[in-house]
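The residues making up each chain are set out below.
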Amino acid sequence: MKFDPLVKVIDNKLFLIADNSEISMDNLKIIDCKKINEQNISEEENKVIALSLDWPMVEMEPGAYNEEFLAELRTFLKNLEEKHIFAFIIPSAKKNLEDADMADSFIAAMVHTARRIKDAESVIGFALAKELLVKDASSAFDENSYGQWFINEMNIKHGHYVYFAEKKALEEYALMGKGIDKNLIHY
């Protein structure tokens, strides 16, 4: 299922395509995916929320995905859709990505997550995981970077997504101004 993009990025800001209005990222609410069933979110308070998602919640062991949890996540996101609230996912590996094989497994798990929630129009994108950004810290953000690898894999089936990066992480890993921040929304 392919969606036309609902949002776009201009100068690190998020805009609704329908009317070109800016969507504020001020006071962004970040929710741990472990607690999605405890949340009561209203459109009056939040136009965009972020969901923090740990790799072990998705992939319990190599190649074994937690489909029950992913179904719960999809239901939560479909409920946001009814409230006209957008969401993006902040993935976390919860450990260092020691090599390309480990990064590949992490990226594959997040792509699988995106595939399981693909029909939730509330999902506008993913953040670049800090563990990917740290891998790119010693180089430019280019076609060979871990962050771009993640985006490329996501864009195969989810070309409508926009991408986010934590400003503090971009600064910490000295990635500001290296190309990484041109088309990302800083949160």
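Predicted model, so just to flag it, every value in this text is computed and none were measured.

1. Section: the overall build of the chain
Along the backbone of the chain there are 6 helices and 11 strands. Referenced to the eigenvectors of the C-alpha coordinate spread, the extents of the chain come out at roughly 40 × 40 × 30 Å. The 187 residues of the chain split such that 47% are buried. Restricting the contact set of the chain to residue pairs at least 6 apart, pairs at least 24 apart contribute 66%. Total accessible area on the chain stands at roughly 9500 Å², and carbon and sulfur atoms take up 45% of it. If you average the places of the 22 positive and of the 33 negative side-chain charges in the chain, the two averages end up 1 Å apart.

2. Side note on the pairing of strand β5 (residues 48-54)
The buried fraction of β5 is high, at 6 of 7 residues. The sheet contact formed by strand β4 (residues 29-32) and β5 spans 4 bridges and is parallel. Paired with lysine 29 across the two strands is isoleucine 49, which belongs to β5. Two strands pair when backbone bridges link them, and β5 and strand β8 (residues 86-92) are joined in this way by 7 bridges, in the parallel orientation. If you follow leucine 51 over to β8, its bridge partner there is isoleucine 89.

3. What to know about the packing of helix α2 (residues 67-82) against helix α3 (residues 100-116)
Contact geometry for α2 and α3: axes closest at 9 Å, N-to-C directions at 50°. The pairing of α2 with α3 is recorded here as oblique in orientation. For the element pair α2 and α3, the recorded crossing hand is right-handed. Across the interface between the two elements, Glu67, Leu70, Ala71, Leu73 and Arg74 of α2 pack against His112, Thr113 and Arg116 of α3.

4. Side note on the environment of leucine 16
Relative to the helices and strands, leucine 16 resides in strand β2 (residues 13-16). The exposure class assigned to leucine 16 is buried, which follows from its relative accessible area of 18%. Distance from leucine 16 to proline 5, taken between C-alpha atoms, is 9.1 Å for residues 11 residues apart in sequence. Setting aside chain neighbours within four positions, we find leucine 16 in contact with Leu6, Val7, Ser21, Ile23 and Phe86.

5. Quick look at helix α5 (residues 146-155)
Along α5, the residues classified as buried are Tyr146, Gly147, Phe150, Ile151 and Met154. Burial along α5 is one-sided: seen end-on, the buried residues are contained in an arc of 145°. A side-chain oxygen of the first residue of α5 lies 3.1 Å from the backbone nitrogen of glutamine 148; this N-cap is serine 145.

The rules behind the values
- Residues numbered from 1 in each chain as written.
- Predicted model: local features only at pLDDT ≥ 70, side-chain atom pairs only at ≥ 80, totals over all residues.
- Heavy atoms only, no water.
- Helix = DSSP H or I, 4+ residues; strand = E, 2+ residues; numbered from the N terminus.
- Buried < 20%, exposed > 50% of the residue type's maximum accessible area, 1.4 Å probe, protein only.
- Contact = heavy atoms within 4.5 Å.
- Areas by Shrake-Rupley, 256 points an atom, 1.4 Å probe, with all protein chains shown as cover.
- Lys, Arg positive; Asp, Glu negative; His and termini not counted.
- Charge placed at Lys NZ, Arg CZ, Asp CG, Glu CD.
- Pairing = 2+ DSSP bridges.
- Axes fitted to C-alpha atoms, helices over the stretch in contact; angles between N-to-C directions.
- Parallel < 35°, antiparallel > 145°, perpendicular 65-115°, else oblique.
- Left-handed = near helix turned anticlockwise from the far one by under 90°.
- Arc of directions from axis to C-beta.
- Polar contact = N/O pair within 3.5 Å; in protein donor to acceptor, adjacent residues only side chain to side chain.

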